[in-house]
Amino acid sequence: MARIPLEHYDLLGTPLKVNDLVVYNYYNRQLSVGRILKFTTKMITICRVGGGEKRLACPAETLKIDGEAVTMYVLKNES
């Protein structure tokens, strides 16, 4: 039986893909920038940029980001 590709959307309805950068709520304390590692059926696995901590998050509680400022942030903080 063929696998059905998983589709997830962020808060504004933008489709999410693996390796996209998103802003998400980091354990109800702060907003953090993370990279999507993989999809599960209802959640996404996110790795925090610069920290390496992984966690599951609801796709509707994330926001896809892109641009020069984000690129510079990732280059500065990702090891």
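Given the structure is predicted, the values throughout are model-derived calculations rather than measurements.

Undergrad: Could you give an account of a nonpolar patch on the surface, naming the residues involved and the relevant values?
TA: A surface patch of nonpolar side chains, about 320 Å² in accessible area, is lined by Leu11, Leu12 and Leu63. Counting through the fold element by element, Leu63 comes out in strand β7 (residues 62-64). Owing to a relative accessible area of 31%, Leu63 belongs among the partly exposed residues under this scheme.

Undergrad: An account of the sheet that holds β7 is requested, with residue identities and associated values reported.
TA: Sheet architecture is open: five strands sit in the order β6-β5-β4-β3-β7, paired in antiparallel fashion. Each having just a single partner strand, β6 (54-57) and β7 make up the two edges of the open sheet. The average undirected angle you get between the axes of adjacent strands in this sheet is 45°. Pairing between strand β3 (residues 21-26) and strand β4 (residues 30-39): six bridges, direction antiparallel.

Undergrad: Just give me the short version of the environment of Val49, but keep the residues and values in it.
TA: Checked against the element boundaries, Val49 lands in the loop between β5 (44-48) and β6. With ten residues separating them along the chain, Val49 and Pro59 place their C-alpha atoms 17 Å apart.

Undergrad: Let's hear about the state of the cysteines: which residues, and what values?
TA: If you walk through the whole model with that rule in mind, you get zero disulfides. No disulfide involves Cys47; its sulfur sits 19 Å from the nearest other cysteine sulfur, which is in Cys58.

Undergrad: Give me the lowdown on the nonpolar core, citing residues and values where you can.
TA: Leu16, Val22, Tyr24, Tyr26, Ile36, Phe39, Ile44, Ile46 and Ala57 together form the largest nonpolar core, which totals nine residues. Of all the elements in the fold, those that place two or more residues in this core are β3, β4 and β5. Counting residues per element, this core draws most heavily on β3, which supplies three residues. Discounting chain neighbours no more than four positions away, the residues touching Leu16 are His8, Tyr9, Asp10, Val22, Ile36, Phe39, Ile44, Pro59, Thr62 and Lys64. Residues Val33, Val49, Ile65 and Val70 belong to the second largest nonpolar core, which totals six residues.

Undergrad: Kindly report on the pattern of salt bridges, identifying the contributing residues and their values.
TA: A full pass over the atoms with the stated rule returns two salt bridges. When the shortest N-O distance is used, the salt bridge between Asp20 and Lys64 registers 3.4 Å. Placement of the pair is Asp20 in the loop between β2 (15-16) and β3 and Lys64 in strand β7, with a sequence separation of 44 residues. Overall, the relative accessible area of 11% leaves Asp20 in the buried class. On the accessibility criterion, Lys64 (29% relative accessible area) is partly exposed.

Reading guide: rules and limits
Residues numbered from 1 in each chain as written. Predicted model: local features only at pLDDT ≥ 70, side-chain atom pairs only at ≥ 80, totals over all residues. Heavy atoms only, no water. Patch = residues over 30% accessible without salt bridge, like charges linked within 9 Å, V, L, I, M, F, W, Y side chains within 5 Å. Areas by Shrake-Rupley, 256 points an atom, 1.4 Å probe, with all protein chains shown as cover. Salt bridge = Lys/Arg side-chain N within 4 Å of Asp/Glu carboxyl O. Helix = DSSP H or I, 4+ residues; strand = E, 2+ residues; numbered from the N terminus. Buried < 20%, exposed > 50% of the residue type's maximum accessible area, 1.4 Å probe, protein only. Pairing = 2+ DSSP bridges. Axes fitted to C-alpha atoms, helices over the stretch in contact; angles between N-to-C directions. Disulfide = S-S within 2.5 Å. Core = buried A, V, L, I, M, F, W, Y, C linked by side-chain atoms within 4.5 Å. Contact = heavy atoms within 4.5 Å.

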